[in-house]
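# Structural overview
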Amino acid sequence: MRLWGRARAVRRRMLCLWLLLLALVLATLALSDLLYRDENDQKAPGPPRRPLQRILSPPDLEVIVDSRDPALELGVGLSPLASLQEDQLLFVPSAQGSKTPPAAPQRKGSYKVLLPGANRDSTAPTPLTHGEMGRAVRLKLEGLERDMELSELQKYGFNEVVSERISLHRKLPEARHPACLGEQYSESLPSASVVICFHDEAWSTLLRTVHSVLETAPKQYLREILLVDDLSQHGHLKSVLSEYVAHLDRVRLIRSTKRLGVGGCRSLGGAMAAGEVLVFMDSHCECHKGWLEPLLERVAQDRTRVVSPIMDVIDWQTFQYNATQWPVRGVFDWRLDFRWESNPQPPEKDPDLATQPIRSPALGGGVLVIDRHFFQSVGAYDPGMLLWGAEQIELSIRVWSCGGSMEVVPCSRVAHLTHRHLPYPLPDQELLQKNKIRIADTWMDAYRKIYYRRDTLAHFIRQSENPNITERLRLKKSLGCRNFHWFLTTVYPELYIPQDRPALSGELYNVGTGNCADYPRGQGLEGGAMNIAPCSGTGNQHCDLNSMGEVRWGHAGVLCFNTTGERVVLSPCPARQPTDSKLHWKFIKLSGQLVHVVSQLCLEAVKDGALPQRDAGLDNSITVRGLFLRPCTHHPRQQWHFEQLVAPKGA
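Computed from a predicted structure; not experimentally measured. (Residues numbered from 1 in each chain as written. Predicted model: local features only at pLDDT ≥ 70, side-chain atom pairs only at ≥ 80, totals over all residues. Heavy atoms only, no water.)

### Some remarks on the state of the cysteines
Considering all chains together, one arrives at five disulfides under this definition. One disulfide in the model links Cys 180 with Cys 411; its S-S distance is 2.1 Å. In this structure the cystine formed by Cys 180 and Cys 411 twists about its S-S bond by roughly -80°; its chirality is therefore left-handed. Of the two residues, Cys 180 sits in the loop between α3 (160–164) and β2 (192–198) while Cys 411 sits in strand β13 (residues 405–417), which places them 231 residues apart along the sequence. When its relative accessible area of 3% is taken as the criterion, Cys 180 is described as buried. (Disulfide = S-S within 2.5 Å. Helix = DSSP H or I, 4+ residues; strand = E, 2+ residues; numbered from the N terminus. Buried < 20%, exposed > 50% of the residue type's maximum accessible area, 1.4 Å probe, protein only.)

### Some details on the pattern of salt bridges
One pass over the structure, following the stated rule, counts 29 salt bridges. Note that Arg 252 is salt-bridged to Glu 224, the shortest N-O span being 3.2 Å. Taken as a pair, Arg 252 in strand β4 (residues 251–256) and Glu 224 in strand β3 (residues 222–230) lie far apart in primary sequence, 28 residues in all. Accessibility assignment for this pair places Arg 252 and Glu 224 in one class, buried. (Salt bridge = Lys/Arg side-chain N within 4 Å of Asp/Glu carboxyl O.)

### Focus on helix α6 (residues 261–272)
The end-to-end C-alpha separation of α6 is 17 Å, in line with the 16 Å expected for 12 residues at 1.5 Å each. Of all 12 residues in α6, 11 are buried; the element is thus mostly enclosed. When α6 is considered as a whole, its buried residues turn out to be Gly 261, Gly 263, Gly 264, Cys 265, Arg 266, Ser 267, Leu 268, Gly 269, Gly 270, Ala 271 and Met 272. (Expected span 1.5 Å × (residues − 1).)

### Re the environment of Trp 553
Here Trp 553 shows up in strand β19 (residues 551–553). For Trp 553, a relative accessible area of 5% translates into the label buried. In sequence terms Trp 553 and Tyr 519 are 34 residues apart; their C-alpha atoms lie 8.7 Å from each other. Residue contacts for Trp 553: discarding those within four places in its chain leaves Ala 517, Asp 518, Tyr 519, Met 530, Asn 540, Gln 541, His 542, Cys 543, Val 558, Leu 559, Phe 561 and Leu 570. (Contact = heavy atoms within 4.5 Å.)

### Quick notes on a nonpolar patch on the surface
Taken together, the side chains of Met 14, Leu 17, Trp 18, Leu 20, Leu 21 and Leu 24 define a hydrophobic patch exposed on the protein surface, amounting to about 640 Å² of accessible area. Mapped onto the fold, Met 14 is located in helix α1 (residues 2–41). (Patch = residues over 30% accessible without salt bridge, like charges linked within 9 Å, V, L, I, M, F, W, Y side chains within 5 Å. Areas by Shrake-Rupley, 256 points an atom, 1.4 Å probe, with all protein chains shown as cover.)

### Section: the packing of aromatic side chains
Per the stated rule, a full pass over the model turns up 16 aromatic pairs. With 5.4 Å between their ring centres and 90° between their planes, Trp 203 and Tyr 244 make a pair best called edge-to-face. Linking Trp 203 in helix α4 (residues 203–216) with Tyr 244 in helix α5 (residues 239–245), this pair joins segments that are 41 residues apart in sequence. For the pair Trp 203 and Tyr 244, a shared accessibility class is recorded, and that class is buried. Ring centres 5.8 Å apart and planes at 75° place the aromatic pair Phe 280 and Tyr 381 in the edge-to-face group. Here Tyr 381 lies in the loop between α8 (372–377) and α9 (391–401) and Phe 280 lies in strand β5 (residues 277–281), a separation of 101 residues in the sequence. By relative accessible area, which is 0% here, Phe 280 ends up buried. (Phe/Tyr/Trp six-rings, centres within 6.5 Å; stacked < 30°, edge-to-face > 60°.)

### Observations concerning the side chain of Thr 216
With respect to the helices, strands and loops of the structure, Thr 216 is situated in helix α4. Side-chain polar atoms of Thr 216 contact the side chain of Trp 291, separated by 2.9 Å. Setting aside residues up to four positions removed in sequence, Thr 216 forms contacts with Cys 287, His 288, Lys 289, Gly 290 and Trp 291. (Polar contact = N/O pair within 3.5 Å; in protein donor to acceptor, adjacent residues only side chain to side chain.)

### Some words on the environment of Tyr 509
Structurally, the position occupied by Tyr 509 is in strand β14 (residues 505–510). Overall, Tyr 509 belongs to the partly exposed group, its relative accessible area being 22%. For the pair Tyr 509 and Ala 605, spaced 96 residues apart in sequence, the C-alpha to C-alpha distance is 9.9 Å. Once you skip the residues sitting within four places of it in the chain, Tyr 509 turns out to touch Gly 514, Asn 515, Cys 516, Cys 535, Gln 639, Trp 640, His 641 and Glu 643.

### Some remarks on the nonpolar core
Grouped together as the largest cluster of nonpolar side chains are 59 residues, with contacts concentrated most on Phe 280, Val 306, Trp 334, Phe 484 and Phe 487. Counting residues per element, this core draws most heavily on α9, which supplies five residues. Filtering out sequence-adjacent residues up to four positions away, Phe 484 remains in contact with Trp 334, Ile 397, Trp 443, Met 444, Asp 445 and Tyr 447. Residues Leu 206, Leu 214, Val 251 and Cys 285 belong to the second largest nonpolar core, which totals 41 residues. (Core = buried A, V, L, I, M, F, W, Y, C linked by side-chain atoms within 4.5 Å.)

Below, the structure is given as structure tokens:
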């Protein structure tokens, strides 16, 4: 018994000792946690784990906006955003300025996705010097790095590996005319909201666009930058981007949980903007110093004026900056494809031209500046336009026809990144044609038949389904818009109007070879040798023998059949009549011969034949194919007929 009692006493002492040790450990942990918390409370919230060069004052907190908010109404009885339900808009609030970030709004469809490996940039980044002042970056990569470069190129449509090595704050060389540097602008210019829509944009190009605007636009005129996420799926554009934007001054992030496309996304941004003037900008641009003031000045002088800077070019492969030669304007052809057209008159011949804006029949979508109230009253972007394509053509025709004007401002320059290919697949391969059908049926009146002859796919789509353009026709009537004939004669008289006479227009089919006259794509509008190729049936090989004897080629009708020696080539058509006699042709319907009037020789198709000995300066040892002048015979290779592929209504 005595031994049993001693054992119990020992066990009590050991238990007390263990309890004492446990209490000491708990006290130590509590004290350590308290000290650690106090130390952290003295630190400001850290920046996102991505390169961030500066942390500015907090932007206004964003709020969830009901889609039925009056701010979303776009005037004239239209509500393009009505299709967006209340839970399809997600706004990201700023976390800056408070020790604990506010709770994220609990809305259906919201998300918070962490980017795997986002902490890779947690160390201080090395300053990037590649591509400074717009210089080209050429990397010699091998192995896995080369594979990564090709993968990113396919993903984005440009060399993202090169872009990642260029600073988000790189400067561009001065490209403005010296006379622009001395221009003085009003001190009471309107405020601007820059709307940047993006869908799965690369991190570097998106943020370089944002920083470029912040660092070149005067603070007194830049009201805000609205980043509108059009349902991006890439991880770096979710929580990581939200955290980054929370540390930028005057930048707000708006997310849509419905894919809107270019027009719908920009209309959403325009409806939420607070600035007096809207600046719609693509998500892969770089701005020059002084780009914003000339644009705001022109809009302030006339609130119905829509303007664009000179759009310089950033190469998709090397990110080299290339200045666009002034003067330039935006135009489109009868296939409703947009392009920038250079004016042959250089500014040196007219000093005033160097700084004077010029009227433009159309403007591209890279950067577009418009008064906010005028944008809403004229109908914003057409909500029926699908995803991507031709929305800038529709807006251009509507602005001109409904009381506005468009121009390019030479003292403003913004560089735009070209793409090798569209970076995302279109869900509907007929989408672009459907957008163009809306334009043709809404705005082109009887001239729409010219479009349909040059885009046969659109013609067949139009035969099977009618676009719902009731609201746009009502808008056109309520605004008192002018017809397309007025547009052609007043705004764009330089656009050649094809005659498209029966049996004298269409694909030029050769009986002997079974092929059609063809002009290889990519040779441009400067002209080149004609060829023959299988008939496409798409309208791309359309030509028009008009009453002046010209054989006009292409969607714009600016190239004419001409001759160099015995070879038939395309050359720019003369802007004024009468036409050079070398361009005159005569079609003999009975024999199917196309006769060159001056030489009285006939057009012959040569398919893999020997090069004519009389063509001086060319290598006679090779075989060629194409169109040549030959003495007239009854050979089937000299027999032609024009095939009109479709007969649109009203033709």
